[in-house]
Amino acid sequence: MVLRRGLFSIYQVHATTQATGQREDTTTKHTNEDDMAMTLTREQLLIDLYAAWHMARRHKVTKHYVRVFDRHTDRKLQAICDALFTRDYHPEPSSCFIVDRPKKREVFAAQFADRVVHHYYYNQTHRIFERTFIEDSYSCIQGRGTHYGIERLKQHIKTESQNYSRKCWALSLDIRGYFMHIDRRILLDIATGTLRRMASHKVEPDSPQTWADVVDIDFLCWLSEQIIMIDPKTSCKVVGRPEEWQGLDYNKSLFHTPDGCGLPIGNLTSQLLSNVYLNEFDQYMKRVLKCKHYGRYVDDAYVVSCDKEWLLSIIDPIDEYLRSRLHLEIHRGKTHLHEVSHGVEFLGGYILPGRTYMSHAAVRRLRQNVDDLKGCNPAKLYRSINSMLGVMSHFDAHRLSRKLFCVESFLKHGYFADDMSCYYLHRRTGKAW
């Protein structure tokens, strides 16, 4: 049996090269003499699994299931490696439960061993997939989150309206029950087709290596099928009472989806693959409809234009494309046309000329988070306040922050009673006390 210390030292070298966007020397991988496609070795697979295990347990080391796994890390990672290498891997049944924050959702949580595999798959494929995405795909991409999406929308509005000097409109689009209606067979075809198409592309513009030289494309296509085609409802363990599902939208539950449809919310691979699926839609918007100022975050998208009639005219073609190609449909009740001078809501922000506020829904969630701080220990209180103030710093919300984190209010409602806590809050908010 290989000792953890020896493997972990190899993993540390591997993690360093991953962080710099480089791979290890190709001597660790077996390629043929003609420098053709790379064939994954068991040793390299095990090293990559250690890196995936480290990422999967990050910020979760106190969880019971992580502690159980960590008691026999080497043995369990060896078992996962054997199952993957022999292509005998099958995901274990998930746990299904309901969460109420920030809104009611149905979550299928994979077992920790499967999460390690998900992180492995993400590490191997996300750079390949992201190379095919448009710049204005914002979800689950490093450096392209909600704040980036808001800033891009502001730039699009300023450009199209010539800095608000002419009338301009923004069309907001939403897809009905997106995750629950993803056709897994279509997704598999798109994912494997993209991997095979990108195999001959260079890893970097100035690099002689192609993706086929550094990853095993055939193995990743096989693993794509194991992850995508699994039906999360099969043998799942339902956690909680049946009445917890009451009030959940019919289109938000995998138990009501057609056969072969739906990705589980919560898995890392679901976040990545949801972007892969709608990349087809992004390309249609940019290449066919020629939407110059377009952006998308998961299933929320926008198009900005000074031509109001044109924006109205593309709604039906968009709906037709989604239905025929991806088996999705626009949520007509959430499709709106806004004159930008009156404000546009996107990703928790409300954009007006020259300023950006938090949306009403975002403020409601923030107030609820503040209410939940009552009774917290000082360490958690400080972390939570820092986190919320960090989010608010991206908006014109100075008055709101002073109102929400008023020291007098915190003392009155019993959030804390010691002078150090008051002093800390005073320094963070500038509120006299």
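Analysis parameters
- Residues numbered from 1 in each chain as written.
- Predicted model: local features only at pLDDT ≥ 70, side-chain atom pairs only at ≥ 80, totals over all residues.
- Heavy atoms only, no water.
- Helix = DSSP H or I, 4+ residues; strand = E, 2+ residues; numbered from the N terminus.
- Buried < 20%, exposed > 50% of the residue type's maximum accessible area, 1.4 Å probe, protein only.
- Contact = heavy atoms within 4.5 Å.
- Areas by Shrake-Rupley, 256 points an atom, 1.4 Å probe, with all protein chains shown as cover.
- Patch = residues over 30% accessible without salt bridge, like charges linked within 9 Å, V, L, I, M, F, W, Y side chains within 5 Å.
- Salt bridge = Lys/Arg side-chain N within 4 Å of Asp/Glu carboxyl O.
- Lys, Arg positive; Asp, Glu negative; His and termini not counted.
- Charge placed at Lys NZ, Arg CZ, Asp CG, Glu CD.
- Phe/Tyr/Trp six-rings, centres within 6.5 Å; stacked < 30°, edge-to-face > 60°.
- pLDDT = per-residue confidence, 0-100.
- Pairing = 2+ DSSP bridges.
- Axes fitted to C-alpha atoms, helices over the stretch in contact; angles between N-to-C directions.
- Parallel < 35°, antiparallel > 145°, perpendicular 65-115°, else oblique.
- Left-handed = near helix turned anticlockwise from the far one by under 90°.
- Nonpolar A, V, L, I, M, F, W, Y, C, P; charged D, E, K, R; others polar.

**A closer look at the overall build of the protein chain**
Per the secondary structure count, the protein chain includes 17 helices and ten strands. In the protein chain, which comprises 433 residues, the share counted as buried stands at 49%. Residue pairs in contact within the protein chain that sit at least 24 positions apart in sequence constitute 69% of those at least 6 positions apart. Looking at the protein chain as shown, the accessible area adds up to about 22100 Å², and 51% of this sits on carbon and sulfur atoms.

**Observations concerning a positive patch on the surface**
Judged by side-chain charge, Lys103, Lys334, Arg364 and Arg365 come together as a positively charged surface patch. Along the polypeptide, Lys103 turns up in the loop between strand 1 (95-99) and strand 2 (105-109).

**Section: the packing of aromatic side chains**
The relative placement of two aromatic rings is captured by the distance of their centres and the angle of their planes. Evaluated as defined, the whole model comprises eleven aromatic pairs. Geometrically, the ring pair formed by Tyr65 and Phe112 is tilted, given 6.0 Å between the ring centres and 45° between the ring planes. Here Tyr65, found in helix 3 (residues 64-70), pairs with Phe112, found in helix 5 (residues 112-130); they are 47 residues apart in sequence, far enough to count as distant. The class of Phe112 is buried, set by a relative accessible area of 5%. An angle of 80° between the planes, with centres 5.1 Å apart, marks the rings of Tyr302 and Phe346 as edge-to-face. On the criterion of sequence distance, the pair formed by Tyr302 in strand 6 (residues 300-305) and Phe346 in strand 8 (residues 344-346) is long-range, its members being 44 residues apart. On the accessibility criterion, Phe346 (6% relative accessible area) is buried. A connected cluster of aromatic rings, assembled from ring pairs, spans Tyr65, Phe69 and Phe112.

**Section: the confidence of the model for the protein chain**
Here the protein chain averages 84 in pLDDT, while 84% of its residues score no lower than 70. Residue range residues 1-36 is modelled with pLDDT below 50. Its contacts to residues more than four positions away, or to other chains, number 53 contacts.

**What to know about the sheet that holds strand 1**
Reading across from one edge, 2-1-4 is the order of the three strands in this open sheet, with mixed pairing throughout. Strands at the two margins of the open sheet, each flanked by one partner only, are strand 2 and strand 4 (237-238). Both strand 1 and strand 4 contribute to a ladder of two bridges, which runs parallel. What sits directly across from Cys96, in strand 4, is Val238.

**Description of the packing of helix 2 (residues 42-56) against helix 5**
Two elements in contact, helix 2 and helix 5, have axes whose closest approach is 8 Å; the angle formed by their N-to-C orientations is 110°. In this view, helix 2 runs roughly perpendicular relative to helix 5, as classed from their interaxial angle. In this structure, the crossing between helix 2 and helix 5 has a hand that is right-handed. Of helix 5, the residues touching helix 2 (which contributes Leu45, Asp48, Leu49, Ala52, Trp53, Met55 and Ala56) are Phe112, Arg115, Val116, His119, Tyr120, Asn123 and Gln124. A per-class count over the contact of helix 2 with helix 5 returns nine nonpolar, three polar and two charged.

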